[in-house]
Every structure is written in C-alpha cells, then in structure tokens.
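# An overview of the molecular structure
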Amino acid sequence: MKKTYIIGAGPAGLAAAYKLLKETDVKPVILEETSDIGGISRTHRFDENLMDLGGHRFFTKSDEVMEFWLSFADIQEMPSRDDIILNNLAKYKETGVNPETQDNVLLIRRRLSRMFFLKKFFDYPLKLNFESFKNLGLKNIITIGFGYLISCIIKRKENTLEDFYINRFGKPLYEMFFEGYTEKLWGTHPSKLSPEWGAQRVKGLSLLSAIKDSIFKKEGKDVETSLIKEFYYPKYGVGQLYELAKEKITEMGGTILFNRKVSKLDFNGDKITHIHTMNNENQEEIFECDEVFSSMPVKDLFKAFNKEIDKNIRQVGENLAYRDFMTTGLLVKKLAVKNQTEFKTVSDIIPDCWIYIQEKNVKIGRLQIFNNWSPYLVKDFENYVMLGLEYFCDEGDEMWTCDDNKFIEFASDELSKIGIINKEDIIKGTVVRVKKAYPKYTGCYSEFPKVIEYLNTIENLYCIGRNGQHRYNNMDHSILTAFRAVDASLGKCDKKIIWNVNTEKEYHETKN
Ligand SMILES: Cc1cc2nc3c(=O)[nH]c(=O)nc-3n(C[C@H](O)[C@H](O)[C@H](O)COP(=O)(O)OP(=O)(O)OC[C@H]3O[C@@H](n4cnc5c(N)ncnc54)[C@H](O)[C@@H]3O)c2cc1C
C-alpha cells in the first residue's frame, strides 16, 4: 500500500486525509508539529470559556466543502440558548436538530461587524447613510466627496495597494478607514504593498457601491460576498469541527502523530523518499514515503529540502514573509458601549461578532465578541462577555516577546482608552500567539510563480492550504486545495489545478 504522509493537522491536512480515506485504500499518516488539531482554525480553552484565534466564519460557495463540513455536524433547526431567551423562535422548527440537546451542530449566526472610529460605530462595509453622515460630520463628508471626485477624474496606475484604495474610495476616505488599519495589519504602509492584496479582498467594493448599497439595500444571491448576512458556526467554536474530523479520520483508519515537526525531506531525483521529524525533546524520526501532502509554510518547506535547488528559487522560497498574530482573551462583566442597534441581544450587549478598530491612537486591530458567535462559548454568557483583542505583529518583536501579564494590562488599557470597557469590569485575561497567521505578499513574493513551477516538478509532493500555498486562503479554499491535490494524486486532474483554487475574482471577503 502507498505510504502517504500529510504535513499538518489544520483544515487542509485533515481534508486531504478524509478524502483519501473515503475514496481510496490509502491509510494516510498526518504529521503535526503541535499537540493541537485545527492549526489556525482551532479553538482555545480559557478556563471554562472558549475562544477562536480570530473568530472563524464557515462560509463557502463550494458544495464539496459544505458536504465535508456536514459530514461532522448538522445545521441547527431549533433555537439556540440566546434565541430562546430573546424569544426569537419564528424562524425555527419545533423539532429537528436542537443545539440545546445536541453538540455536533452548526449554528446559523447573524453576521454583524462594524467599524469603530472617532469612538463611534460605522457600518462595515461603509454605507453613506444618515448614521455615517452624523458620525463623520459635515466637514469630513465634504472632504470625502471631493476626494472621491478627484479620484474619479485622475485615475492612478495601480502599482500599490494605496493606489488601489484611492482609485476606489478617494484619498480622504482611504486615509480614514484603510491606511491605518492596513498598516496595523501588515506592519507595512499600503504604499509598499502589492495591489493584489486589495484585489483579493475588496473586490467590487468602492465608494459608489457603498452609496448604492445604502440606497437600495440589495439582498440575495448576487450581493457582494462581503455583505452576506449569515454564516455557520460550530456550537463550541471552529476547532470543534476539526476535532470531529480527527475522530472520524481515526475511525476510518487514518493516523495523526502529534509533536512531529517536519524538519528535513530527502530526495531521490525529483521524488521525496524520506521525511524527518523532530519532537520537543529533539528526538528524530524518519518516515519512508511514497507521496507527501504539505500544508507547512512554503518557507519552512524550502528550508527542509535536502537537495540542490536553483539558488534563486531557493532564495525566493526561503525569504517569503509572514505576519504573526496575538490575541488577548478578556472575560468582562459588561461593556461600556451601549447597544443602539435594532438587534436585540442577551444582556443587551452590542450585537457585533467582531469590530474593526480604526482608531489611530491604539494598536488593537480587531475586537471579537465571542458571546455573539455562539452562546455556548461562554460559560455564564448572561452575566459575562468574552472578548478577543486582536493584534498583528512580527514573531520576535516587542509585542510578541512581551510578558503575558504585561500584555493583558496593555490590551486592557487600550480597550478602556477607546471607551469599550471599564477596567474595573475585567475578570481575567489570557494571551495566545499565532505564528505565520498571514502570508505576506511583499518582497520576493512577486517571484513566487517560479516557486510554484519548481514545486510542481517534485513528482510526489502536493502543496495545500494557506501557508502551504502562501496564499490568503480561507478555510474553504484551504480544504478545496486538499481535495484537488487528492484528485491530482489519483490522476484525475493536473497538479497545476491545485494552485488555481481561490484565484477567480468573484469570491473574497473584504476584511477578515
Ligand atoms: C485571524 C484569522 C481569522 C480567520 N478567519 C477565517 C474565517 O472567518 N473563515 C475562514 O474560512 N477562514 C478564516 N481564516 C483562515 C483559516 O484560519 C485558514 O484558512 C486555515 O486555518 C488554513 O488551514 P491550513 O490547514 O492550510 O493551515 P493551518 O490552519 O495553518 O494548519 C497548518 C498545520 O500545519 C502544522 N505545521 C506547520 N509546520 C509544520 C511542520 N514543519 N511539521 C508538522 N506540522 C507543521 C501547524 O502546526 C498547523 O497545525 C482566518 C485566519 C486568521 C489568521
């Protein structure tokens, strides 16, 4: 039987294993560096509360991916705890999948995320409605209008992300809502970033579409992906689904070996013959292999290649850049901001799942309110609010190396400074660090096609997932790359197809 190894137990690695087990006789072995399942898409336990590393919406246009998720959990048919308390029962059945009594459930959640700027809430994506006018003030509105007109008359050549945004939103709006946030996220000014990032995430949105949307409020199938109103979410967080996948994979005969960091790959010509792993105690193990599905970062993959490679290609591969991520979980008694929306919530907290923090005097990028993702994430969700304060950083920098308690203090100060909480309402906090959360499209990235071409020449290697392809892939894209890779390994499609996932124009989210 073929000796098939999969590097990484994130959504991509698990999806590859599942499809192989379902469609072939192969019994794959997953080699996972950490002791966790789900990669970035895992859920962190904080005492008796749960938090994602950045909330993860389940959304896909692919039936194949939806079918995969539904192999592990059913879609909610009866009301969840918060809907029962709020008496929001109309849209539910009287019998069926019941999140109150069943665990393996995908909840249907309302998507609401706004921006916080000038200590006020703005719709996301920005709508130029009465509320925004009121919040911005006449002077800002006139400046935005003129700026937009200028950008319509004088179109910039789109060499950078800054050009891309200014062409679509005008300079003043770009400076208010995109410049600072983008710099926080990537640690690089938009004038130094490739426009490709914007093309992937902002798609058809522009100031004009913001105005149209506020006037016509279109809903339905052809609405921009960014405006979709609901999403699926597992009762106990994103990681629950991948834990369930792990159970199924093991039942079907697959193996997951934890604490195995892939450190070296030996070759015979263009084929990988052996995989070396190291564990926490620096002990090496060597696995003989026939084929390898890799979701490990491309940069680390190149470092692991025990083989002569064209110098330029190796240099590009080994110098790919990433942005790292830290999140502080804070359990608080209440929020200092009031719910002034039409949406009713338990304890009347603001209804957002997450909020983009656009304030310029703080480093926090986004705020998650986990009560709104699932009431089952927070132990006593009627009396406490579980928050995730998200920071973008670089591994080893001042933020990354900050002592946990100091960082919790710093993050709490920031949130109280912008008026979202009062510090005396904090019960406790935690910190989680995520390496290589975002593949960056900077520096040598422009030469990445050479790397892809080279990787395709390694006969028994299939690169899958987000960092495995160095592409800004969401979970569904990551899973699709794994499915196409399995197809390619079975001779059902060309290997190049794996790299085509998530390259079509019409798909992306505007911001995560
Ligand atoms: C803040 C944030 C929010 C997000 N929100 C969403 C969302 O709302 N919806 C959505 O669909 N997607 C979202 N995503 C994207 C989603 O997290 C990824 O698409 C998905 O986790 C990628 O899956 P993957 O298996 O490719 O990689 P990963 O999740 O990164 O998993 C890779 C695995 O490989 C292991 N590994 C790495 N190197 C080695 C090695 N050398 N040896 C062995 N194992 C190794 C890692 O430990 C990890 O377990 C978000 C991402 C971030 C950062």
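Residues numbered from 1 in each chain as written. Predicted model: local features only at pLDDT ≥ 70, side-chain atom pairs only at ≥ 80, totals over all residues.

### Topic: the overall build of the protein
For the record, the criterion: Here a helix means four or more residues in a row that DSSP labels H or I, a strand means two or more in a row labelled E, and each is numbered from the N terminus. Computation of the radius of gyration draws on C-alpha atoms alone. For the globule rule, the value is 2.2 Å times the number of residues to the power 0.38. Partly exposed residues are those falling between the two cut-offs: more than 12 but fewer than 20 other C-beta atoms within 10 Å of their own, whereas 20 or more means buried and 12 or fewer means exposed, with C-beta atoms placed from the backbone. Contact between residues is assigned whenever the C-beta positions, reconstructed from backbone atoms, fall within 7 Å.
Helix and strand content of the protein: 15 helices and 21 strands. For a compact globule of 512 residues, the expected C-alpha radius of gyration is about 24 Å, and the protein comes in at 23 Å, within 12% of that figure. With respect to the three principal axes, the spread of C-alpha positions in the protein is 70 × 60 × 45 Å. Each of the 512 residues in the protein was classed as buried or not, and the buried ones make up 45%. In the protein, 70% of the contacts between residues at least 6 apart in sequence involve partners at least 24 apart.

### Re the nonpolar core
When a protein is soluble and globular, its nonpolar side chains tend to lie buried together. For clarity, the cut-off: For our purposes the nonpolar core covers buried Ala, Val, Leu, Ile, Met, Phe, Trp, Tyr and Cys residues that link as a set through C-beta atoms within 7 Å.
Ranked by size, the top nonpolar core spans 131 residues in total, and within it A16 and A482 carry the most contacts. No other element matches the eight residues that helix α7 (residues 171-186) contributes to this core. Not counting chain neighbours up to four residues away, the residues in contact with A482 comprise A12, A15, A16, K19, F293, I464 and G465.

### Digging into unusual backbone geometry
Phi is positive for N282, close to 60 degrees, though the residue is something other than glycine. Mapped onto the secondary structure, N282 falls in the loop between β12 (271-278) and β13 (284-288). Backbone geometry places K436, a non-glycine residue, at a positive phi of 50 degrees. Along the chain, K436 turns up in strand β20 (residues 426-439).

### Examining the sheet that holds strand β5 (residues 74-75)
Selection criterion: For two strands to count as paired, DSSP must find a minimum of two bridges between them.
Across the sheet, which stays open at both edges, the three strands sit in the order β5-β6-β9 with mixed pairing between neighbours. If you trace the sheet from one side to the other, it starts and ends with β5 and β9 (230-234), each paired once. Bridging between β5 and strand β6 (residues 105-110) involves two bridges; their strand directions are parallel. Opposite D74, over in β6, you have V105 as the bridge partner.

### What about the site of the ligand?
Under the convention used in this document: By definition, a residue lies near a molecule or strand when the C-beta atom built from its backbone is within 6 Å of it. Throughout this entry, Asp, Glu, Lys and Arg are counted as charged residues, while Ala, Val, Leu, Ile, Met, Phe, Trp, Tyr, Cys and Pro are counted as nonpolar. The remaining residues, Gly among them, count as polar.
Neighbouring the ligand are 34 residues, the closest being G8, G10, G39, G54 and G465. For the shell around the ligand, the secondary structure elements donating two or more residues are α1 (11-23), β11 (261-268) and α15 (475-489). Its residues assigned to classes, the shell around the ligand comprises eleven nonpolar, 16 polar and seven charged.

### A closer look at the domain arrangement of the protein
Heads up, the condition is: For every domain, the bounds stem from an assignment made automatically or drawn from a database.
With domains assigned, the protein is organised as domain 1 (4-35 + 258-320 + 441-500), domain 2 (126-220) and domain 3 (322-439). Each of domain 1 and domain 3 has a C-alpha centre, and the two are 34 Å apart.

### Notes on the sheet that holds β12
The sheet built from four strands is open, its strands ordered β13-β12-β11-β15 with mixed pairing. Looking along the sheet, the strands with just one partner apiece sit at the ends: β13 and β15 (305-306). Pairing of β11 with β15 involves two bridges; the strand directions are parallel. By the bridge assignment, L265 is partnered in β15 with F305.

### Notes on the environment of K192
If you trace the backbone, K192 turns up in the loop between α7 and α8 (195-201). Overall, K192 belongs to the partly exposed group, with 13 C-beta atoms counted inside 10 Å. Taking C-alpha positions, K192 is 37 Å from D270, a pair spaced 78 residues apart along the chain.

### Focus on the pairing of strand β1 (residues 4-7)
The test is simple: Crossover handedness is defined here as right-handed if the route from the first strand over the helix to the second strand goes clockwise, with the strands pointing away from the viewer.
Of the two faces of β1, the one carrying T4 and I6 and the one carrying Y5 and I7 are both buried. Pairing analysis gives four bridges linking β1 to strand β14 (residues 291-294), with the strands arranged parallel. Paired with I6 across the two strands is F293, which belongs to β14. Examined bridge by bridge, β1 and strand β2 (residues 29-31) share three bridges and lie parallel to one another. Paired with I7 across the bridge in β2 is L31. One crossover worth recording links β1 to the parallel β2 by way of α1, and it is right-handed.

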